[in-house]
Amino acid sequence: MTLLGPLSVFLTSLLAIPLAYICNQLSTMKDPVVMLIIGAVALVTVAATPYFLMRNKPQRTDNFFYVLSIFTFASVIDLVIALENDGLIANFMEFYLRDGEPYLKTAHGTMISYWDGIAHYAMYLMILAAQSWNQSYRDVGLYWAASIGHSMLILMPGIFMGSHGMRWPCLLNLPYIVVPFYYGARFLLQGRAHEGRQVKEKTNMQHASLWRRPADIFFIIFFMAAICLAVLRFIAALGGSVQVAQQYRDQLEPYLADNAYPKVQMMVYLFYFLPYYVAAVYGLVWPENTWMLDLSLIHAGAAAQGQFAHIGSSFHYRTPYVHRVPQGGRARFLFWLINGALFLVPQLFAYRCLNFPNFFSPKTVSSNKNENSVVHANPTKKLN
């Protein structure tokens, strides 16, 4: 693919800024149905623009390229929403936040908009660069699918459980549910580049016992602590009567009692993240499980998005003061220690897994055994 393709997607995404400003000036944009129709037309248009620019080019274009044109456009819109929520700009998305998706005016809505407008947009640019250079973008694609999928997994139940209710423009989120799931499954089915090749030698780290791998011991301790935290924070978010959970919520993370979004987040940690923590401990104690590579990457993407939104919402001015992180130095230190670790350590663990893939390779027959089998299959002459 030539540079024309990525450049067309990048420039098309920037059209979101003038389009948002123009729509904000129209009096007809007070009807949620009209917002849904114009939003759908805009998404189809931004997908068609790169298609018509690239249709006569001899290079083969991946279908994901046209998906990126829609998602980059949406990322710019989300960044505009986040900036308008924080008062840095005005008169761009006021109509949409008032009559379209008012739940995006919350602290959680602001933080997920920042993440989509900055982090996801950066991932799209990385994928576009990989496509233009004919390189694989499977790892970035998996990380993105997990990140945006997790964002939707928290947002959609939060909408139904929240006080704003569902409106017609909410249907514009459907592509961001279906498309990441589809392409995430496709990336998983593709398999890794090194798979299918026989690993002849094991790394020294794989032969070493667990006690000689201090980094893996650290990860195991972290995952065991994360299991306990997942249970504790779930009880705290749902208002359980356990005293330890009540003290944790009141003294460290009062945001857990704010609205539906932290409650849904803690449910995801318990029902989805906790089984992964158990699987990760198993994979470190008993290695040679190839599924650890992709699972660590998927969890890293989901954890990064979830923790960014949770940490930012815990401090954001749109969160009621009584639900923000307490002012005490001890409380803030523990808050950052816990939530910073839940953000950072999954990224380090994914890096550890992807940079030592042989550690998670299945056992193979040694070369000596292969040579002996060849000798027995082709016996020499009988000795006197």
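Analysis parameters
Residues numbered from 1 in each chain as written. Predicted model: local features only at pLDDT ≥ 70, side-chain atom pairs only at ≥ 80, totals over all residues. Heavy atoms only, no water. Helix = DSSP H or I, 4+ residues; strand = E, 2+ residues; numbered from the N terminus. Buried < 20%, exposed > 50% of the residue type's maximum accessible area, 1.4 Å probe, protein only. Contact = heavy atoms within 4.5 Å. Areas by Shrake-Rupley, 256 points an atom, 1.4 Å probe, with all protein chains shown as cover. Axes fitted to C-alpha atoms, helices over the stretch in contact; angles between N-to-C directions. Parallel < 35°, antiparallel > 145°, perpendicular 65-115°, else oblique. Left-handed = near helix turned anticlockwise from the far one by under 90°. Nonpolar A, V, L, I, M, F, W, Y, C, P; charged D, E, K, R; others polar. Expected span 1.5 Å × (residues − 1).

Caption draft 1: Region of interest: the overall build of the protein chain. The helix and strand inventory of the protein chain stands at 15 helices and zero strands. With 384 residues in all, the protein chain has 50% of them scored as buried. Taking as baseline every contact in the protein chain between residues at least 6 positions apart, the subset at least 24 positions apart corresponds to 77%. Total accessible area on the protein chain stands at roughly 19400 Å², and carbon and sulfur atoms take up 66% of it.

Caption draft 2: Structural view of the packing of helix α10 (residues 214-237) against helix α12 (residues 260-285). Where α10 meets α12, the closest approach of the two axes is 9 Å, and the angle between their N-to-C directions is 155°. For the element pair α10 / α12, the angle class is roughly antiparallel. Judged by the twist between their axes, the crossing of α10 over α12 is left-handed. A per-class count over the contact of α10 with α12 returns 24 nonpolar, no polar and three charged.

Caption draft 3: Spotlight on helix α4 (residues 64-85). For α4, built from 22 residues, the straight-helix expectation of 32 Å at 1.5 Å per residue is met to within 8% by its first-to-last C-alpha distance of 31 Å. With 20 of 22 residues buried, α4 lies mostly within the body of the structure. Immediately downstream of α4, the backbone of G87 shows phi near 75°, a positive value.

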